Amino acid sequence: MPAPAASPSSAAPLPRTRVVVIGAGPAGLTVANILRAASVDCVVLEAQSREFIEQRPRAGFIEEWAVRALAARGLADRLLANAPTHTECEFRFEGERHRFPYAELSGRRHFVYPQPLLVTDLVAKYADEAAGDIRFGVRDVRLHHVDTEHPAVSYTDPATRERRRIECEVIAGCDGARGVTRACLPPERTTVARHDFGIGWLALLAEAPPSSDCVVFGIHPRGFAAHMARTPQVTRYYLECPPGDSPDNWPHDRVWSELRARLRVDGGQPLAEGRLIEKRVLDMHNHVVAPMAYGRLYLAGDAAHLAAPIAAKGMNLALHDALLLGDALVAYCGKGDGDGLSGYSEACLRRVWQYEEFSQWLSELLHGASSGDPFRAGTAGARLRRLLGSPAAASAFAEMYIGKDVDH
Ligand code: APR
């Protein structure tokens, strides 16, 4: 049963649940659905409205292992019915295209399913089908006593503006890169490892159909560019730019002329152009928080680690954490088995570090040519030629790109 709504009376017993999940992104909603399916009481607290999270443009590529894991829990019906799959990517440089058949090499594909669609499905499953308790628009979420056996979460109710408090056993911090839960980890016991790529990416959404049937990486001395399908009507593009650059420096005509130049291929079709409906500059950096747990608080997804969109890893890592955390919480709440929770951070971080390393490796390959440093340009060129020329290098890349068997 969902936890009862908080009572304004101070004499009433405090509302209780077993797990409070903070944040309704892919991580929080996956955890909540796993708990709900196992009849473990939980409450999800989300700062935004349902409409907002169902439309917020974010990541778009889900690796096959993650799709299979969601499907095994009944969370991928619409995804499997509707998502196109990608089996190849393409590198373009010096006016030539080089197709890279990673699915042939790895036996695994990507599913192209934008995050808002996945979030929509997961909310519907949890809130509508399973009658799970989810509270949207909550304000000023605060965590209490996370280092005791009786933690609690309080928040301001958006309708009444009153403070509510929920007592629980465990808190799942799934509130993304700008959430509040990470700040509850004591600094003296926490390492925050950060890597700054020293570049920006102008992230664009164009109201235009995709111009290729796969992800295109354009390597160019003027800066990297990328093309990624989203839906038949909308396409994601990226343009490397200086960190801290303003989107205002990128009017429509400049964007399209740079995309044309950096993704140029001799004899290729022109890009399908369209209105730019999103334009923001991402300062490219990665970070990892370790351990991902303190007391009764467990972090999952972007709350614990950030992977710049270089290799489309963010949503996949969020799902990996959430699947492990959901299962560990079910074991703990159902049978009192705490092994999954005690090994949770270490198990997540193994994959996190593999993906972080891959994103750094791929970044160098993609940005070396435009770094202005002839040594980096030379080594990046060597890396690319090896990738395209050596079957062993190609297999290793394919395995990491699709995230297969990387829990080393
Ligand atoms: N209280 C409640 N909810 C919050 C708070 C807060 N203080 N702060 C943030 N949130 C909510 C956000 O509104 C968002 O809906 O937490 C959710 C976090 O979701 P995501 O940012 O999508 O994070 P996660 O579930 O870890 O998924 C990671 O997001 O940025 C992409 O590429 C990344 O695809 C990856 C995914």
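These numbers come from a predicted model, not from an experiment.

Visitor: Describe unusual backbone geometry, listing the residues and the values that go with them.
Guide: In this model, alanine 290 is joined to proline 291 through a cis peptide bond whose omega is -10°. Note that proline 291 resides in the loop between strand 17 (276–290) and strand 18 (293–294). Non-glycine residue aspartate 140 carries a positive phi angle of around 50°. Looking at the element boundaries, aspartate 140 is found in strand 9 (residues 139–144). At arginine 161, a position not held by glycine, the phi torsion is positive, near 65°. The topology assignment puts arginine 161 in the loop between strand 10 (152–156) and strand 11 (163–167). With a relative accessible area of 70%, arginine 161 lands in the exposed category.

Visitor: Please provide a residue-by-residue account of the site of the ligand, values included.
Guide: In the neighbourhood of the ligand, 26 residues make up the surrounding shell, with Glu46, Arg56, Arg58, Gln115 and Asp302 lying closest. Taking proline 26, its main chain carries an N or O atom lying 3.2 Å from an oxygen atom of the ligand. Within the contact set of the ligand, an oxygen atom lies 2.8 Å away from a side-chain nitrogen or oxygen of arginine 58. Among the secondary structure elements, those contributing two or more residues to the shell around the ligand are helix 1 (26–37) and helix 8 (314–335). Per-element tally for the shell around the ligand: the top contributor is helix 8, with 3 residues. Counted by class, the shell around the ligand contains 13 nonpolar, 8 polar and 5 charged residues.

Visitor: Quick one: what's the story with the sheet that holds strand 7 (residues 110–112), residue by residue and with numbers?
Guide: Ordered by their spatial adjacency, 3 strands build an open sheet running 3-7-4, and the pairing between neighbours is antiparallel. A single partner strand is all that each edge strand has here, and the edge strands are strand 3 (61–63) and strand 4 (85–86). With 3 bridges connecting them, strand 3 and strand 7 associate as antiparallel partners. Its bridge partner lying in strand 7, isoleucine 62 is registered against phenylalanine 111.

Visitor: Can you tell me about helix 6 (residues 115–129), naming the residues and giving the values?
Guide: Given a rise of 1.5 Å per residue, 15 residues ought to cover 21 Å, and the 20 Å separating the end C-alpha atoms of helix 6 matches this to within 8%. Of all the positions in helix 6, only Gln115, Pro116, Leu118, Val119, Asp121, Leu122, Val123, Tyr126 and Ala127 are classed as buried. Alanine 131, located one to two residues past helix 6, shows a positive phi value of around 55°.

Visitor: Could you give me a rundown of the pattern of salt bridges, with the residues and numbers involved?
Guide: Close approach of charged atoms allows side chains with opposite charge to pair. Summed over the entire model, instances satisfying the criterion amount to 29 salt bridges. Where aspartate 157 meets arginine 164, a salt bridge forms, and the shortest distance between an N and an O atom there is 3.5 Å. Here the two residues aspartate 157 and arginine 164 agree in accessibility, since each one is buried. One salt bridge connects glutamate 258 with arginine 262, and the closest N-O pair in it is separated by 2.8 Å. One end of the pair is glutamate 258 and the other is arginine 262, both in helix 7 (residues 252–262) and 4 residues apart, which spans about a single turn. By the burial criterion, glutamate 258 is buried, and arginine 262 matches it.

Visitor: Pulling in residues and values, what's your account of helix 1?
Guide: Each α-helix winds once per 3.6 residues, and so residues spaced three or four apart point in a common direction. Compared with an ideal rise of 1.5 Å per residue, which puts 12 residues at 16 Å, helix 1 spans 16 Å between its outermost C-alpha atoms and is within 8% of the ideal. Here helix 1 lies mainly inside the structure; 11 of its 12 residues are buried. Among all positions in helix 1, only Pro26, Ala27, Gly28, Leu29, Thr30, Val31, Ala32, Asn33, Ile34, Leu35 and Arg36 are buried. On its buried face, helix 1 is in contact with strand 1 (19–22), strand 2 (42–45), helix 3 (64–72), helix 6, strand 8 (133–135) and helix 8. Immediately beyond the C-terminal end of helix 1, within one or two residues, lies serine 39, with a positive phi of roughly 60°.

Visitor: Explain the side chain of arginine 164 residue by residue, including any values.
Guide: Within the secondary structure, arginine 164 is located in strand 11. Polar contacts involving the side chain of arginine 164 include one to the side chain of glutamate 162, which spans 3.4 Å.

Visitor: Could you give an account of the pairing of strand 14 (residues 215–218), with specific residues and numbers?
Guide: Of the two faces of strand 14, the one holding Val215 and Phe217 and the one holding Val216 and Gly218 are both buried throughout. Bridge count between strand 5 (residues 89–93) and strand 14: 4 bridges; the pairing is parallel. Its bridge partner being in strand 14, phenylalanine 91 is matched across the sheet by phenylalanine 217. As defined by bridge partners, strand 14 adjoins strand 15 (residues 225–229) across 3 bridges and the pair is classed as antiparallel.

Visitor: Describe the pairing of strand 6 (residues 96–100), naming the residues involved and giving the relevant values.
Guide: Note that strand 5 and strand 6 share 5 bridges and pair antiparallel. When the bridges of strand 6 are listed, phenylalanine 93 appears paired with glutamate 96. Between strand 5 and strand 6, which pair antiparallel and follow one another directly, the connecting turn spans 2 residues, one of which, glutamate 94, has a positive phi of 50°.

Visitor: With reference to specific residues and values, describe the packing of helix 11 (residues 374–389) against helix 12 (residues 391–401).
Guide: When two helices pack together, their arrangement is captured by the angle between the axes and the distance separating the axes. Running from N to C, helix 11 and helix 12 point in directions that differ by 95°, and their axes come no closer than 5 Å. When the interaxial angle is binned, helix 11 and helix 12 end up roughly perpendicular. For the pair helix 11 and helix 12, contact is made by Arg386, Leu387 and Gly389 and by Pro391, Ala393, Ala394 and Phe397, respectively. Broken down by class, the residue content of the contact of helix 11 with helix 12 amounts to 5 nonpolar, 1 polar and 1 charged.

Visitor: I'd like a description of the nonpolar core, backed by residues and values.
Guide: Leu79 and Phe91 are the most contacted members of the largest nonpolar core, which totals 109 residues. The residues contacting leucine 79, other than those within four sequence positions of it, are Ile62, Val67, Leu70, Phe111, Tyr113, Leu118 and Asp121. In this structure, Leu239, Trp256, Leu271 and Leu276 belong to the second largest nonpolar core, which totals 16 residues.

Thresholds applied
For every chain, the first residue of the written sequence is number 1, and numbering continues from 1 onward in sequence order. The model is predicted, so local features are restricted to residues of pLDDT at least 70 and side-chain atom pairs to those at 80 or more, both for listing and for counting; the totals for chains, interfaces and linings are taken over all residues. Here the side-chain values reflect all heavy atoms present in the structure, with hydrogen atoms and water set aside. Each helix corresponds to a stretch of at least 4 residues labelled H or I by DSSP, and each strand to a stretch of at least 2 residues labelled E; elements are numbered beginning at the N terminus. To sort residues, take the accessible area from a 1.4 Å probe on protein chains only and compare it with the maximum for the residue type: under 20% means buried, over 50% means exposed, and anything in between is partly exposed. One heavy atom suffices: a residue is near a molecule or strand as soon as one of its heavy atoms comes within 4 Å of it. Distance and chemistry together define a polar contact, namely a pair of N or O atoms within 3.5 Å, with one atom able to donate a hydrogen and the other to accept it when in protein, and with adjacent residues in sequence counting only for side-chain atoms on both sides. Classes in brief: Ala, Val, Leu, Ile, Met, Phe, Trp, Tyr, Cys and Pro nonpolar; Asp, Glu, Lys and Arg charged; the others, Gly included, polar. Pairing between two strands is assigned when DSSP locates at least 2 bridges connecting them. Any helix carries an expected span of 1.5 Å times its number of residues minus one. Whenever Lys or Arg places a side-chain nitrogen within 4 Å of a carboxyl oxygen from Asp or Glu, that contact is recorded as a salt bridge. Residue contacts follow a heavy-atom distance rule, with two residues in contact if any of their heavy atoms lie within 4.5 Å. Comment: axis = line fitted to C-alpha atoms, over the contacting stretch for helices; angle = value between 0 and 180 degrees taken between N-to-C directions. Note on angle classes: values under 35 degrees are labelled roughly parallel, values over 145 roughly antiparallel, values of 65 to 115 roughly perpendicular, and the remainder oblique. Here, nonpolar core refers to any group of buried Ala, Val, Leu, Ile, Met, Phe, Trp, Tyr and Cys residues whose side-chain atoms link them within 4.5 Å.

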